[in-house]
Amino acid sequence: MIHVGLRIDVDTLRGTRTGVPNLIDLLARYNIRASFFFSMGPDNMGRHLWRLMHPTFLIKMLRTSAARLYGWDTLMRGTLCPGPVIGQICRDTIRNTAGAGHEIGLHAWDHYRWQTRVERMDRNDITLEIQRGYNLLTDIIERHPDCFAAPGWRITPEALIALDGFAFRFESDCRGYSIFRPVFDVKHISHVQVPATLPTYDELIGIKCTPETYNNYLLNLIRPNQLNVLTIHAEVEGINCLPLFQDFVDRALQKGIVFGPLGEILSRTKNIAESTVCKSSVTGREGWVACQENYQTSSIYEKVRNL
């Protein structure tokens, strides 16, 4: 039996309103629980369009057919007028996700702002950003959220310290190969990291696989005796790629793979080491991401990089 932690990032209004209900229905048919990470504040994802001036981002948009995947409404959201506040519009969807037994985590208040500015934000600004999302999510599900996952796997020491002041059981802020407790300089962070280990759809498509071969590639990366944490997106696997994801789940179950929320993976981990977090890059992803120390030399990274 191979255990895979299933992490579902919800970045946009479209993903929350359409993708999340689709995924809840699909997972219910298989009796699978997952970790959903919700963006709560304004959907300003259309502001990423300025990044088209960066060749690597433009190439990514083209090879993944971003307009088809995300929809033009999402690609323009927050450009001509302020983006709608996702948590206020989709309260019932978020509450239904918790009611279905899934783990509920905070992804961001403003996903775009965190992903593009967290390096330039001080601890007070970061704390306020987290607090706004934390308060709204707590109000909706009537309890504290279980966990947090930094947008775009972008986390800084200041953000880690700020997050330590909230009642999260764990975080999933970086890419890595094992569950660990972050440490930098002489500062020890109390929250444990359950890092993502497997590549995402947009990191693989158009580089070494097509939609037709994607599931085989991904299944071949899932191995026993290693941490397997898969990130999918409500905007992708929950909408246009929903049939592809259902096929993936069918094949995975046939191979003896068992899916569960990240908290279950953590509960089975007895020895948690300390590790530093560094800025690095991941094949198929534009810009920097936070990575567990020595991620680039781990066997998981080599398998992903060599696809």
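Basis of the calculations
- Residues numbered from 1 in each chain as written.
- Predicted model: local features only at pLDDT ≥ 70, side-chain atom pairs only at ≥ 80, totals over all residues.
- Heavy atoms only, no water.
- Helix = DSSP H or I, 4+ residues; strand = E, 2+ residues; numbered from the N terminus.
- Contact = heavy atoms within 4.5 Å.
- Areas by Shrake-Rupley, 256 points an atom, 1.4 Å probe, with all protein chains shown as cover.
- Axes fitted to C-alpha atoms, helices over the stretch in contact; angles between N-to-C directions.
- Parallel < 35°, antiparallel > 145°, perpendicular 65-115°, else oblique.
- Left-handed = near helix turned anticlockwise from the far one by under 90°.
- Nonpolar A, V, L, I, M, F, W, Y, C, P; charged D, E, K, R; others polar.
- Phe/Tyr/Trp six-rings, centres within 6.5 Å; stacked < 30°, edge-to-face > 60°.
- Buried < 20%, exposed > 50% of the residue type's maximum accessible area, 1.4 Å probe, protein only.
- Polar contact = N/O pair within 3.5 Å; in protein donor to acceptor, adjacent residues only side chain to side chain.
- Salt bridge = Lys/Arg side-chain N within 4 Å of Asp/Glu carboxyl O.
- Expected span 1.5 Å × (residues − 1).
- Arc of directions from axis to C-beta.
- Core = buried A, V, L, I, M, F, W, Y, C linked by side-chain atoms within 4.5 Å.
- pLDDT = per-residue confidence, 0-100.

Novice: Describe the overall build of the chain, with residues and values.
Specialist: The helix and strand tally for the chain stands at 15 helices and 13 strands. Once local pairs closer than 6 in sequence are excluded, the contacts in the chain between residues at least 24 apart make up 76%. Here the chain has roughly 12,700 Å² of accessible surface; of this, 52% comes from carbon and sulfur atoms.

Novice: Requested: an account of the environment of Arg95, with residues and values cited.
Specialist: Note that Arg95 resides in helix H6 (residues 91-99). Between the alpha carbons of Arg95 and Ile140 there is a distance of 6.2 Å; along the sequence they are 45 residues apart.

Novice: I'd love a proper account of the packing of helix H1 (residues 13-30) against helix H13 (residues 242-254), names of residues and values included.
Specialist: Where H1 meets H13, the closest approach of the two axes is 11 Å, and the angle between their N-to-C directions is 20°. One way to sum up the angle between H1 and H13 is to call them roughly parallel. H1 and H13 meet at a crossing whose hand is right-handed. Between H1 and H13, the contacting residues are Asn22, Leu23, Leu26, Leu27, Arg29 and Tyr30 on the first element and Leu242, Phe245, Gln246, Val249, Asp250 and Leu253 on the second. A breakdown of the residues in the contact of H1 with H13 according to their chemical character gives eight nonpolar, two polar and two charged.

Novice: Please provide a residue-by-residue account of the packing of aromatic side chains, values included.
Specialist: In total, this model carries nine aromatic pairs according to the counting rule given. The interplanar angle of 55° and the centroid separation of 5.5 Å between the aromatic rings of Trp114 and Phe148 together place this pair among those described as tilted. In this pair, Trp114 sits in helix H7 (residues 111-117) while Phe148 sits in strand E4 (residues 147-148), placing the two residues 34 residues apart along the sequence. Assigned by exposure class, Trp114 and Phe148 land together as buried.

Novice: With reference to specific residues and values, describe the environment of Thr269.
Specialist: Residue placement: Thr269 occurs in the loop between helix H14 (262-267) and strand E11 (273-275). Given a relative accessible area of 25%, Thr269 falls into the partly exposed group. A C-alpha to C-alpha distance of 9.9 Å links Thr269 and Phe180, two positions 89 residues apart in sequence. A polar contact is formed between the side chain of Thr269 and the backbone oxygen of Ile265, at a distance of 3.0 Å.

Novice: Account for the side chain of Ser39, naming residues and giving values.
Specialist: Within the secondary structure, Ser39 is located in strand E2 (residues 35-39). Ser39 sits in the buried class, given a relative accessible area of 1%. For Ser39, the side chain forms a polar contact with the main-chain oxygen of Val10, separated by 2.9 Å. With residues up to four places along the chain from it excluded, the contact list for Ser39 reads Val10, Asp11, Ile86, His107, Ala108 and His111.

Novice: Any chance you could break down the pattern of salt bridges for me, citing the residues and the numbers?
Specialist: Summed over the entire model, instances satisfying the criterion amount to 14 salt bridges. Measuring nitrogen to oxygen at the nearest pair gives 2.7 Å for the salt bridge that ties Arg33 to Glu264. Taken as a pair, Arg33 in the loop between H1 and E2 and Glu264 in helix H14 lie far apart in primary sequence, 231 residues in all. Judged by its relative accessible area of 34%, Arg33 is partly exposed. Glu264 sits in the partly exposed class, given a relative accessible area of 31%. In the salt-bridge network here, residues are joined through shared partners; they are Glu103, Arg143, Asp146 and Arg169.

Novice: Break down H13 for me, with residues and values.
Specialist: Here H13 contains 13 residues, and its C-alpha end-to-end distance of 19 Å stays within 8% of the 18 Å for a straight helix at 1.5 Å per residue. All of the buried residues along H13 are Leu242, Leu244, Phe245, Phe248, Val249 and Ala252. Viewed along the axis of H13, the buried residues span an arc of 155°, placing them on a single side of the element. Exposed side of H13, more than 90 degrees from the buried face: Pro243 and Gln254 are the residues found there. Directly beyond the C-terminal end of H13, a positive phi value near 85° is found at Gly256.

Novice: I'd like to hear about the nonpolar core, residue by residue, with values.
Specialist: Of all hydrophobic cores here, the largest spans 68 residues; its most connected members are Leu6 and Phe36. At seven residues, helix H8 (residues 123-141) tops the list of elements feeding residues into this core. Not counting residues within four places of it along the chain, the set of residues in contact with Leu6 comprises Leu27, Ile32, Ala34, Ser35, Leu230, Ile232, Phe245, Phe259, Gly260 and Leu262. Formed by 12 residues, the second largest nonpolar core is a distinct cluster that contains Phe37, Ala149, Ile179 and Leu262.

Novice: Help me get a handle on H8, residues and values and all.
Specialist: The first and last C-alpha atoms of H8 sit 27 Å apart over 19 residues, in line with the 27 Å expected at 1.5 Å per residue. Those residues of H8 not exposed but buried are Ile126, Glu129, Ile130, Gly133, Tyr134, Leu136, Leu137, Thr138, Ile140 and Ile141. At the N-terminal end of H8, a side-chain oxygen is found 3.1 Å from the backbone nitrogen of Asn124, two or three residues along, and the residue is Asp122.

Novice: Would you mind going over the confidence of the model for the chain in detail, with residue names and values included?
Specialist: Close inspection of predicted coordinates is inappropriate in any region flagged by low pLDDT. Per-residue pLDDT for the chain averages 88, and the proportion of residues at 70 or more is 84%. Low pLDDT, under 50, characterises residues 47-54; the predicted model gives this stretch 18 contacts beyond four residues in sequence or across chains. Across residues 301-307, where pLDDT falls below 50, the model places 16 contacts with residues more than four positions away in sequence or in other chains.

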